[in-house]
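Chains, contacts and geometry: an overview
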Amino acid sequence: MRRFEYHKPETIKEALGLVTSLNNARFIAGGTDILVALRQKKAEIDNLISLRNIGELKGIEYGDGLWIGSGTTHTEILKSRVILEHYTALNDGVKNLGSRQIRNVATIGGNICNAAPSADTACPLLVLDAKVLIAGINGERWVDLDGFFLGPNKTVLDKHELVKGFSLPLFPKNTGSSYIKHTRRAAMDLPILGIAARITMDDGKEGATCREARIAMGVVAPRPIRAYETERFLVGKPLTEDVMEEAGNIAAREATPRDSIRGQAWYRKEMVKVLVGRAIKNAMERMGL
Amino acid sequence: MNGDVLSLVGKNIPKKDAPLKVTGQAQYIQDIKLPGMLWGKILYSRYPHGRILNIDTKRAERLPGVKAVLTGSTIPDIKIGFMKDNPPLKKGKVCSMRDEVAAVAATSPEVAQEAIELIDVEYEELPGVFDPVEAMKEGAPLIHEELKSNVLKLPWKLICGDVDRAKAESAYIVEDTYKTQWVTHCCLGTSGCIASFDVNNNLTMYSNTQIPSLAQRDYIDALNAFGLKNKRVRVVQSVIGGGFGSKLDTYPYEYIAILLALKTRRPVKILFTREEEFFATSPRQCTLTKISQGCDREGRLTFREMEMILDNGAYTSWGATTPSVMMMPISSLYKVPNVRYTAKCVYTNNNYSQAMRGYGNPQATFAIESSMDQLAEAAGMDPYEFRMKNANEPGEVTPQRFKITSCGMKECIEAVAEKLNWKEKRGRHNGRGVGMASLIHVGGGARVYKSDGCGTIIKIDDYGKVDVFTGSTDIGQGSDTVIAQIVAEVLGISIEDVNVINNDTDVCPWDVGVHASRTTFVAGNSALYAAEKIKAEILTIVSHMLGEDVAFLDIKNGVVYSKRDKEKSMPLGKALRSIHYATGGKMLMAECFYDPANENFDREFKGNLSVSYAYGAHGVEVEVDRKTGKVKILNYVAAHDVGRAINPMLLEGQIFGGGVMGLGYALGEEMVYINGVLKNGNFLDYKIPTAKDVPPIETIIVETVDKDGPFGAKGIGEPGLVPTAPAISNAIYDAVGVRIKDLPITPEKILKALKEKGAEKLDEA
Ligand SMILES: Cc1cc2nc3c(=O)[nH]c(=O)nc-3n(C[C@H](O)[C@H](O)[C@H](O)COP(=O)(O)OP(=O)(O)OC[C@H]3O[C@@H](n4cnc5c(N)ncnc54)[C@H](O)[C@@H]3O)c2cc1C
């Protein structure tokens, strides 16, 4: 493994100063992606700047929306009642992420900034309309999460910027969300496919129609994506078995998975058809219909 | 002895080395450092098949800290392995990605790694062949040109009775083809060794081998070839983090360490990274099996015919000899009078294969037990009834001339059916299903080598504390504890008073190795007889001291006592001191070399391979998601005829461990080689089951008290994973009506089969 210097700033300002002034510098949060990349010689880094001692990046706040600091660990997210009740898809996302040891150190910021097509918090955050707050030496900016990902391990972040956290809106009462991680193993596995759904219904009664829908898919494209066509299809419809099945078919057309040793393309497409319906169902159940 | 109440045998005694392991004090090869030690690293091939045109080591040699660089052309010409086809460092040609091309010794692992990267090798890439069927074709690239063929010259052929006639006379016949995949042992402790020479060129190897005596011999042969005649070789084993067959041979890296140590005159350590452990150790090979079986109108098996092709990889280790053990289930799992089996091992440009837990038995049993269900269906019988009808029984002599002594196969099958609620759950085809499979394995040693023996030396000190020197190795299975239990039981002392030394060829007697589930049986018997000898000597002397007939004396709780006269007793320590501190005094010692009365196969591969045979049956209930192809194990029952459970807890550990390994084999594990390149050499993509994937495994221990086993015990090391895959596959068939014939049974394969079946149904309609 390449040798590197390790820096421990205590404020965002200090961290941004370091990343701008040092050569080949990168942030490290939990280190569960970056250290693997270093060992595999996939990253050439001379300076690691730790974000772990920066209090400003930590914590979950709930008020007129939800704020999650980028340095929040998956275990902290898993423990949050607010997230479990109002942003359930995200709870689903971290529940089976890695293992307990990984969840204890790995952060949501790292998961999103690493921008793997399989990132388990990405689809949940996409359907929960997350916005990303980015800080640079020249100030801050907001980006929709959907506009944040560019490709595998590529984001709109400038190399001297960091993510402060994520902001999620309040949703109306008749809203439910879910995430299904389709894996070969029950733990320590990356998804073959990830499907998230958020559904807001017109009113809470049986026979109601869908007012707003979000469907996101992981590992079907170079980055986690929204299934816009499927979402449009769902709006205004009662969510019957037939509608959900058709939604699955539409989503499968929006998916462009590839063959890999982790899963074959035909199988991933087939699973999109099955799991979109199941994810919608799970979301509806959480709505308390 | 067996009539008496046992105080330690049959008890759940925790592994003796458990405290050392959980507190981190156990010394694995990773922990051992010698003064002045250098670190060795190996450069592997860049191509699966190619000519080495030139190796330039100059840049590596100039790197500060580098003490030696070796290549195939700078070392003596030796070839290692079962067929002597494998030079430790390759010269002229590479035949697989794992081929060792050059090696470095340096002052730190980092420098050694850097040096390796500075070695420039020029290759001419050659076309490769990666499939054994392709490799057998006319004009296929030859792996070893001088052999003129890729098919190994090994005569695997077993013929019993008259298969052709039996075929003609059978009422029902089924035929199919089964495939198994490459899998690897996944030892938690990676491979490693330290080679160290003394001033007289005697070698000490620190190693995690599971065959110390055979390894010693291999190293002596190598030293002879290096011109070091008549040298002593001592093998010192560290604590071993798992073997499973991976350490049954000596490998290029060990010879490379020896050569580097010889060249530098300093100890040299080579330690595998996890990546190397995946791509540079020898895995269980893939097989292609054609099987046909028949039965008569009543459902009695008439014949079994199997043809098998095994991918040997580029060189030869014990993997190529697994057909000899496959013959066991093929000829003797269930009563089958007529048997024909042939197997071909074929060189390819893949990594070379090794035996792994079960030694071929899992591959053969997957085909046999899947086919048993097919045949039962053809004959219109319940697979459970069909198995019971054909099950082995005590007293039987099988077509391969195995003499079956103790045999609890029927009890195992029955127990599994009962626990699974078979009658009620079978045949619902509603997405849930049950399946079972049985097994036979050697349970009383296996005479695959010229000797199947194990030696034990016992000495006892002035206080009744015992040192047991056994040839047999503990690779994590707990044999040190079982041996201590046996000795303590015989001597009537506590287990804490028994110290087992099992890691140094300078003091431990010979043993053929930890394989064939033989340790409890062979090393156990060896220890038992040695303990009985020393006990007899103690009692004889004490009988004079106490003036009591020796026939009435025994030892219990560290006291020698008379069974008929309470007054006559003496603490063991006192007795021993009296024996020691007398004119012409004596320190007591005893030895035993136990070699079981089993037979090497004759030229037709017949003979009583083992003194006794282990049986078992596994039953599984599964739920299959028809939409995703995912399989959930709802229930897992494992029944084993073990003779006697000397330590039920450790025995269950073997069954759990075997079951988990079998589960991985059945549902997830596969080394993905594409054109000779391993694509998933890591624990993310090589899917061993995690704790969360393992269902509770219910064990049923059937005790048949074998007449030859120590306290009646038979082997259990391997059986736990033998029937897992077919049991699961049969359950999936019962659940959703599709049979997956190539392992692992992935959701993709199930879904594809379900879709094909659906399409067929539509066609019919
Ligand atoms: C054994 C194991 C199992 C895993 N299982 C899963 C799984 O099931 N699902 C899954 O999605 N992932 C999994 N991962 C991947 C990883 O754990 C997650 O992606 C994790 O959330 C990364 O967070 P981290 O804090 O460790 O990131 P780090 O490794 O510290 O950082 C990752 C990247 O993000 C950058 N970064 C981190 N924080 C910021 C910030 N605030 N601003 C800007 N850039 C930043 C870093 O520079 C780096 O490039 C697994 C990893 C391992 C080792």
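Right, let's walk through the structure included here. All chains use their own residue numbering, which begins from 1 and follows the written sequence. Each chain is given a letter, starting from A, and each ligand a number, starting from 1, according to the order in which they appear as written. Selection of residues for local features in this predicted model requires a pLDDT of at least 70, selection of side-chain atom pairs for listing and counting requires 80 or more, and totals for whole chains, interfaces and linings are taken over all residues. Note that water and hydrogens are dropped before the side-chain values are worked out from all heavy atoms of the structure.

1. Description of the overall build of chain B
Of regular secondary structure, chain B possesses 19 helices and 28 strands. Here the globule rule is a power law, 2.2 Å times the number of residues to the power 0.38, and the radius of gyration is based on C-alpha atoms. A globule of 765 residues ought to have a C-alpha radius of gyration of about 27 Å, and chain B, at 27 Å, matches this closely. For chain B, the C-alpha atoms occupy an extent of roughly 95 × 75 × 50 Å along the three principal directions. In chain B, which comprises 765 residues, the share counted as buried stands at 63%. Put simply, 80% of the contacts in chain B that link residues at least 6 apart link residues at least 24 apart. When the accessible surface of chain B is summed, it comes to about 28,000 Å², and 52% of that surface belongs to carbon and sulfur atoms. Secondary structure elements are taken from DSSP: a helix is a run of H or I of four residues or more, a strand is a run of E of two residues or more, and numbering for both begins at the N terminus. Only protein chains enter the area calculation, which uses a 1.4 Å probe; residues under 20% of their type maximum are buried, those over 50% are exposed, and those in between are partly exposed. Here a residue-residue contact requires only that any non-hydrogen atoms of the pair lie within 4.5 Å. For the area figures, the Shrake-Rupley method with a 1.4 Å probe applies, and any residue is considered shielded solely by the protein chains shown.

2. As for the pattern of salt bridges
All names here are of chain A. Salt bridge criterion: a side-chain nitrogen from Lys or Arg within 4 Å of a carboxyl oxygen from Asp or Glu. Going through the model one piece at a time under the given rule, you end up with 69 salt bridges over all chains. A salt bridge links K181 to D120; the nearest nitrogen and oxygen atoms lie 2.7 Å apart. Highlighted residues: K181 in strand β11 (residues 175–182) and D120 in the loop between α7 (108–114) and α8 (122–127), separated in sequence by 61 residues. In terms of burial, K181 and D120 fall into one category: buried. Several salt bridges converge on common partners, so that one network encompasses D129, R198, E212 and R214.

3. Considerations on the site of the ligand
Residues and elements named next belong to chain A. Inspection of the region around the ligand gives 32 residues, with F27, G30, T32, D33 and T107 positioned closest. Between N or O atoms, a polar contact is any pair within 3.5 Å; within protein, one atom must be a potential hydrogen donor and the other a potential acceptor, and residues adjacent in sequence are included only when both atoms are from side chains. Between the ligand and the protein, one listed contact pairs an oxygen atom with a side-chain N or O atom of N111 at 2.8 Å. Measuring from an oxygen atom of the ligand, one finds a side-chain N or O atom of K181 at 2.8 Å. In the complex, the protein chains occlude 90% of the 990 Å² of accessible area that the ligand would expose alone. Mapped onto the shell around the ligand, the elements with two or more residues apiece are β2 (25–28), α7 and β10 (162–168). When residues are sorted by character, Ala, Val, Leu, Ile, Met, Phe, Trp, Tyr, Cys and Pro go into the nonpolar class, Asp, Glu, Lys and Arg into the charged class, and all the rest, Gly among them, into the polar class. Partitioning the shell around the ligand into residue classes produces 15 nonpolar, 12 polar and 5 charged. One heavy atom within 4 Å of a molecule or strand makes the whole residue count as near it.

4. Quick look at the sheet that holds strand β28 (residues 697–702) of chain B
All names here are of chain B. Pairing between strands requires that DSSP locate at least two bridges from one strand to the other. Pairing is mixed in the open sheet, where 4 strands are placed in the order β16-β24-β25-β28. The open sheet terminates on both sides in strands that have one partner only, identified here as β16 (432–442) and β28. Strand after strand, the sheet turns through a mean of 15 degrees between neighbouring axes, direction not considered. Bridge count for strand β24 (residues 613–624) against strand β25 (residues 631–641) is 10 bridges, and the pairing is antiparallel. Within β25, the residue paired with V624 across the bridge is V631. Angles shown run from 0 to 180 degrees and are taken between the N-to-C directions of axes, each axis being a line fitted to C-alpha atoms and, for helices, limited to the stretch in contact.

5. Structural notes on the sheet that holds strand β13 (residues 210–218) of chain A
Residue and element names in this part refer to chain A. Pairing in this open sheet of 4 strands is antiparallel, and the strands run β11-β12-β13-β14 from one edge to the other. For this open sheet the edge positions go to β11 and β14 (225–226), each flanked by a neighbour on one side alone. Two strands pair when backbone bridges link them, and β11 and strand β12 (residues 193–201) are joined in this way by 8 bridges, in the antiparallel orientation. If you follow Y179 over to β12, its bridge partner there is A196.

6. Quick notes on unusual backbone geometry
All names here are of chain B. Cis geometry is adopted by the peptide bond preceding P744, which originates at L743 and carries an omega value of -5 degrees. Position of P744 among the secondary structure elements: in the loop between α18 (724–736) and α19 (747–764). The phi torsion at F605 lies on the positive side, around 65 degrees, for a residue other than glycine. Topologically, F605 is positioned in the loop between β23 (589–594) and β24.

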